[in-house]
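So you can see what is in the structure, the chains are spelled out below.
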Amino acid sequence: HSVQLETMSKSGVDLVSAMTFNNIPEAVGISRAAAHIGLPLSLSFTLDSTCRLKSGPSLKAAIEAVDAQSGNERPDFYGINCSHPVEFEPAIEPGAWFNRVRSLRPNAAKMDKISLCQLGHLEEGDPHELGEQMGSIAKRYPHIDIWGGCCGTWETHLDEIARNVRVAHRS
């Protein structure tokens with residue numbers, strides 16, 4: 001990742017967003033590389049239908065391991081992307097570790113990634129339901145301040161997410 005990060009640094013970026021990470025060693029590597037180059041890093045993990053990283057650890061274990069193994073070179077914050085709330089909500093265990101998660105970019109559909117890839121098209125799921133789920137998460141975790149969408153999300157999904165997050169933050 002160093003070559004890519006050096007290129008980004010030379011172009012003057014303010015923040016690097018590394019997404020869809022599935023294992024701890026690669027996450028530690030990019031954390032160290034970004035710190036060495038002097039770039040702030042947002043690191044997002046992807047969870048599967050077992051509510052864990054594809055390589056096996058829980059989200060909590062992955063974040064705690066990357067922070068511990070990266071030391072002063074740890075990511076600035078974490079995110080979850082390319083996973084539907086049915087995959088990542090059960091992974092949210094109580095504890096201070098979750099305050100390190102600031103970004104959520106869900107998939108539109110509840111389907112597992114292999115099935116989604118075999119469809120031959122993007123599955124849009126239920127935008128209204130997704131928006132409600134994200135609003136519920138916003139209400140419970142007001143520290144999350146970066147919202148978006150991943151596979152299958154369109155303006156309808158993003159409108160629903162934004163509307164529900166705004167309502168959650170007002171209450």
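Before reading further, recall that the structure is shown in the block above.
Residues numbered from 1 in each chain as written. Predicted model: local features only at pLDDT ≥ 70, side-chain atom pairs only at ≥ 80, totals over all residues. Heavy atoms only, no water.

Colleague: Which residues make up the packing of helix α1 (residues 2-10) against helix α2 (residues 24-37), and what values do they have?
Modeller: The geometry of α1 relative to α2 is characterised by a closest axis approach of 10 Å and an angle of 35 degrees between their N-to-C directions. Every pair of crossing elements has a handedness; the one defined by α1 and α2 is right-handed. Two secondary-structure elements touch here, α1 through Ser2, Leu5, Glu6 and Ser9 and α2 through Ile30, Ala33, Ala34 and Ile37. Taken together, the residues of the contact of α1 with α2 break down into five nonpolar, two polar and one charged. (Axes fitted to C-alpha atoms, helices over the stretch in contact; angles between N-to-C directions. Helix = DSSP H or I, 4+ residues; strand = E, 2+ residues; numbered from the N terminus. Left-handed = near helix turned anticlockwise from the far one by under 90°. Contact = heavy atoms within 4.5 Å. Nonpolar A, V, L, I, M, F, W, Y, C, P; charged D, E, K, R; others polar.)

Colleague: Pulling in residues and values, what's your account of the environment of arginine 32?
Modeller: With respect to the element layout, arginine 32 can be found in helix α2. For the pair arginine 32 and serine 58, spaced 26 residues apart in the sequence, the C-alpha separation amounts to 21 Å. Excluding residues within four positions of it along the chain, arginine 32 makes contact with Gln69, Ser70 and Glu73. A polar atom in the side chain of arginine 32 sits 2.5 Å from the backbone oxygen of glutamine 69. (Polar contact = N/O pair within 3.5 Å; in protein donor to acceptor, adjacent residues only side chain to side chain.)

Colleague: Quick rundown of the pattern of salt bridges? Include the residues and the values.
Modeller: A complete count under the given rule lists six salt bridges for this structure. Here aspartate 67 and arginine 74 are joined by a salt bridge, their closest N and O atoms 3.5 Å apart. (Salt bridge = Lys/Arg side-chain N within 4 Å of Asp/Glu carboxyl O.)

Colleague: If you had to explain the pairing of strand β4 (residues 101-106) to someone new, which residues and values would you point to?
Modeller: Residues in a regular strand point their side chains to alternate faces of the sheet. As paired strands, strand β3 (residues 77-83) and β4 are joined by five bridges and run parallel to one another. Counted as the bridge partner of glycine 79 is serine 103 from β4. Where β4 lies against strand β5 (residues 146-147), two bridges are found, and the strand directions are parallel. By the bridge assignment for β5, serine 103 is matched with isoleucine 146. (Pairing = 2+ DSSP bridges.)

Colleague: Pulling in residues and values, what's your account of the pairing of strand β2 (residues 41-45)?
Modeller: A large share of β2 lies buried, amounting to five of its five residues. Neither face of β2 is exposed, since Leu41, Leu43 and Phe45 on one face and Ser42 and Ser44 on the opposite face are all buried. Running through α2, the crossover from strand β1 (residues 16-21) to the neighbouring parallel element β2 is right-handed. The sheet contact formed by β2 and β3 spans four bridges and is parallel. Bridged to leucine 43 within β3 is tyrosine 78. Remark: the β2/helix α3 (residues 59-70)/β3 crossover connection has right-handed handedness. (Buried < 20%, exposed > 50% of the residue type's maximum accessible area, 1.4 Å probe, protein only. Right-handed = clockwise from strand over helix to strand, strands pointing away.)

Geometric descriptors of this kind do not, in isolation, establish any biological role.
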